[in-house]
Amino acid sequence: MELLEQPLLSPAQYLHVLLPLAGDVDCWTTTYHHVLEGPDPVVEWFKGSFLREFVSRLDGPDATEFVADYAVAMRAAYPPRADGRTVMPFRRLFLVARARS
């Protein structure tokens, strides 16, 4: 299976889809910079959300290998700072669509 580099639409693409259907649409993004601590903090942070869905579909050894490979990738993408903490930018998209009156 080929992974999409950008699996979500851009804000402009969401507007393109929603504006013909709604009376008004607000769309904005923000980036939260989470300051994380501990070994593999990005992996630990994502274990509470989407990573759980991937791991739940794998058996024991495959799940362990998947998380280990993911941890290697996250350590490379989000290396710890000199003080040992890791800063992980996390982008959020917000949409508010109002019905036509």
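Residues numbered from 1 in each chain as written. Predicted model: local features only at pLDDT ≥ 70, side-chain atom pairs only at ≥ 80, totals over all residues. Heavy atoms only, no water.

For the rest of this paragraph, the subject is the overall build of the chain. Looking only at helices and strands, one finds four helices and two strands in the chain. In the chain, the succession of helices and strands from N to C terminus is α-β-α-α-α-β. Relative to the compact-globule value of 13 Å for 101 residues, the chain shows a C-alpha radius of gyration of 18 Å, a clear excess of over 25%. For the chain, the spread of C-alpha atoms along the three principal axes comes to 55 × 35 × 20 Å. When burial is assessed residue by residue, the chain has 16% of its 101 residues classed as buried. Within the chain, counting contacts between residues at least 6 apart in sequence, those at least 24 apart form 72% of the total. With the model as given, the accessible surface of the chain reaches about 7800 Å², and the carbon-plus-sulfur share is 58%. With 10 positive and 13 negative side-chain charges, the chain shows a spacing of 9 Å between the two charge centroids. (Helix = DSSP H or I, 4+ residues; strand = E, 2+ residues; numbered from the N terminus. Rg over C-alpha atoms; globule rule 2.2 N^0.38 Å. Buried < 20%, exposed > 50% of the residue type's maximum accessible area, 1.4 Å probe, protein only. Contact = heavy atoms within 4.5 Å. Areas by Shrake-Rupley, 256 points an atom, 1.4 Å probe, with all protein chains shown as cover. Lys, Arg positive; Asp, Glu negative; His and termini not counted. Charge placed at Lys NZ, Arg CZ, Asp CG, Glu CD.)

Right, let's get into unusual backbone geometry. Backbone phi values are negative for most residues with the exception of glycine, while trans is the configuration of most peptide bonds. Here Asp 40, not a glycine, exhibits a phi torsion of approximately 50 degrees, which is positive. In this fold, Asp 40 is placed in the loop between β1 (24-36) and α2 (41-47).

Here we take up helix α4 (residues 60-77). Taking 1.5 Å of rise per residue, 18 residues should cover 26 Å, and α4 covers 26 Å from first to last C-alpha, within 8% of that figure. Among the residues of α4, Ala 63, Val 67, Tyr 70, Ala 71 and Met 74 are the ones counted as buried. Looking straight down α4, one finds that the buried residues subtend no more than 110 degrees of arc, so they occupy a single side. Exposed positions of α4 whose direction lies more than 90 degrees from the buried face are Pro 61 and Ala 76. (Expected span 1.5 Å × (residues − 1). Arc of directions from axis to C-beta.)

In this structure the tally under the stated criterion is seven salt bridges. The partner of Asp 26 in a salt bridge is Arg 98, with the nearest N and O atoms 2.5 Å apart. Taken as a pair, Asp 26 in strand β1 and Arg 98 in strand β2 (residues 86-98) lie far apart in primary sequence, 72 residues in all. The partner of Glu 53 in a salt bridge is Arg 57, and the shortest N-O contact between them spans 3.1 Å. Each member of the salt-bridge network shares a partner with another, and the members are Asp 24, Asp 26 and Arg 98. (Salt bridge = Lys/Arg side-chain N within 4 Å of Asp/Glu carboxyl O.)

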